[in-house]
Structures are given as structure tokens and as C-alpha cells.
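Coordinate inspection notes
Single-letter residue listing:
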Amino acid sequence: QGPVADVDSVSAALGITVFRAHLGNDLNSTISGAFYKHPALGFAVIINLDMTRGRRRFTAAHELAHALLHSANDAIVVSDSGRRGDQRETYADAFAGEFLMPEEGIRRALESLGAGPKVEDIEPVIHLQRMFNVSYITALVRLRQANIITTAALHKLRTHPPLITAARMGYHPDDSEWPVPPQNSVLARYPLK
């Protein structure tokens, strides 16, 4: 019911190879990730490095869902903005959200923070986001799905600057909260064969 420490380790344990590459940061013209069932190599996913750490974690869990749940019928599943509304994509999003931030775990964490059962302020959201190691937007969406925040609160909380608030609360943002610049990427300096 707590946070998933490392999605890559879960994927590796299930025989899914995770690749990362700089695919561009405009998600209207590129992909966030993809799943491929190679006939000889097995399951593989690719994650776009030009996204924030939280978005990359969510995409890794989303692609894990495709490997586990859709690989029997589909050898390739690409996750891009043009596929919104596709039933498989909707299900993979729901799986990823629950996998990374389980509802029971959210409720227990709020109880330990002395917050909830309803949340209207940004501070508990920041604590949850950091606890579960997800993006601020993922935390908001999960809280809305769990009916812990209202739609009005969701819209209000979306306007808050999470990094500034997190810093004010004593959290230290690091470089991993931003997209990885290609020139700083280990993959750009030492490309895989």
C-alpha cells in the first residue's frame, strides 16, 4: 500500500526491458512511451527522457500495464496524445495511477499526516506527491479519482506552483524534477550500441 521504490526493478523482475531515449518534449508531436513484444527478445518498453521524472515514472507504470494486460493481443502499443480515449490507454492510465499511488495507501498516509478525509490545501498534496514519488499532477488526479478532493479543489490546486511550495515546506527540489537536457544525459554521452 506504500510507494513503489523502483518501477524498473519491478519491470526487470517480470522480464520487461526498459529503454530510455530523448524523443522530444512536445508530446503533441512525439510519444511519452511505447511497449513492444519482440518475437525473439521478449517484452520491452521505451520511455521518453525529455519529460519530468514524475511523468517518466508514470509512463513506465503505464507501459508495464500494456505489457501485463495487452501483450496477448498487441505486439506494439504506442502511448501518445492522439490515443486519448482509447480503452487500452484509459485502463493503462488507471493501472499506473493505482500502482504508483494506491488509494488505501493514500488514505493511510493522509491519516498519518493528520489530514483528510477531504483535502483542500496544497501542503498535504505535496507531502503525498513526495511520499509516493509521483508528479504533482499525478497526485492531484489520484486524489480526485479517490474522491478526496472535489473538482473545484482540483482546479484550484492546479494553479499552485508545486516546486515553490515544496521548497517553502523544506523539500529540496533536485535536477530529477526537470526533463533531462540531452547534453547532460549519460545516454547522449555514452550511447548504447
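Here, the structure is the one placed above.
Here's what I pulled together on the structure shown here. (Residues numbered from 1 in each chain as written. Predicted model: local features only at pLDDT ≥ 70, side-chain atom pairs only at ≥ 80, totals over all residues. Heavy atoms only, no water.)

Some points on the nonpolar core
With 36 residues, the main nonpolar core has Ile106, Val125, Leu128 and Ile149 as its most contacted residues. Excluding residues that lie within four positions of it along the chain, Ile149 makes contacts with Val119, Leu140, Leu143, Arg144, Leu154 and Leu157. (Core = buried A, V, L, I, M, F, W, Y, C linked by side-chain atoms within 4.5 Å. Buried < 20%, exposed > 50% of the residue type's maximum accessible area, 1.4 Å probe, protein only. Contact = heavy atoms within 4.5 Å.)

Some details on helix α7 (residues 151-158)
Residues Ala153, Leu154 and Leu157 constitute the buried set of α7. Along the long axis of α7, the arc covered by the buried residues comes to 105°, so they all point the same way. Among the structural elements, α5 (122-132) and α6 (136-145) are those in contact with the buried residues of α7. (Helix = DSSP H or I, 4+ residues; strand = E, 2+ residues; numbered from the N terminus. Arc of directions from axis to C-beta.)

Comments concerning the side chain of Asn48
Following the sequence through the fold, Asn48 ends up in strand β3 (residues 42-48). In terms of polar contacts, Asn48 uses its side chain to reach the backbone carbonyl oxygen of Ile31, at 2.9 Å. Discounting chain neighbours no more than four positions away, the residues touching Asn48 are Ala21, His22, Leu23, Gly24, Leu27, Thr30, Ile31, Ser32 and Arg56. (Polar contact = N/O pair within 3.5 Å; in protein donor to acceptor, adjacent residues only side chain to side chain.)

Here's the deal with a nonpolar patch on the surface
A cluster of nonpolar side chains, namely Leu14, Leu68, Leu69 and Tyr91, defines an oily patch on the protein surface of about 380 Å² accessible area. Inspection of the secondary structure puts Leu69 in helix α2 (residues 53-69). The exposure class assigned to Leu69 is partly exposed, which follows from its relative accessible area of 40%. (Patch = residues over 30% accessible without salt bridge, like charges linked within 9 Å, V, L, I, M, F, W, Y side chains within 5 Å. Areas by Shrake-Rupley, 256 points an atom, 1.4 Å probe, with all protein chains shown as cover. Salt bridge = Lys/Arg side-chain N within 4 Å of Asp/Glu carboxyl O.)

Some points on the packing of aromatic side chains
Counted under the stated rule, the structure contains 2 aromatic pairs. Consider the rings of Phe35 and Phe43, whose centres lie 5.4 Å apart with planes at 75°: the pair is edge-to-face. Ring geometry for Phe95 against Phe99: centres 5.7 Å apart, planes inclined by 10°, an arrangement best described as stacked. Linking Phe95 with Phe99, this pair stays in helix α3 (residues 87-100), spanning 4 residues, or about one helical turn. A relative accessible area of 22% places Phe95 in the partly exposed class. Residue Phe99 is classed as partly exposed on the basis of its relative accessible area, which comes to 23%. (Phe/Tyr/Trp six-rings, centres within 6.5 Å; stacked < 30°, edge-to-face > 60°.)

Regarding the pairing of strand β2 (residues 33-38)
Note: β2 against β3, 6 bridges, orientation antiparallel. From the neighbouring strand, Gly33 faces β3, where its bridge partner is Ile47. Where β2 folds back onto β3 in an antiparallel hairpin, the turn is made up of 3 residues. (Pairing = 2+ DSSP bridges.)

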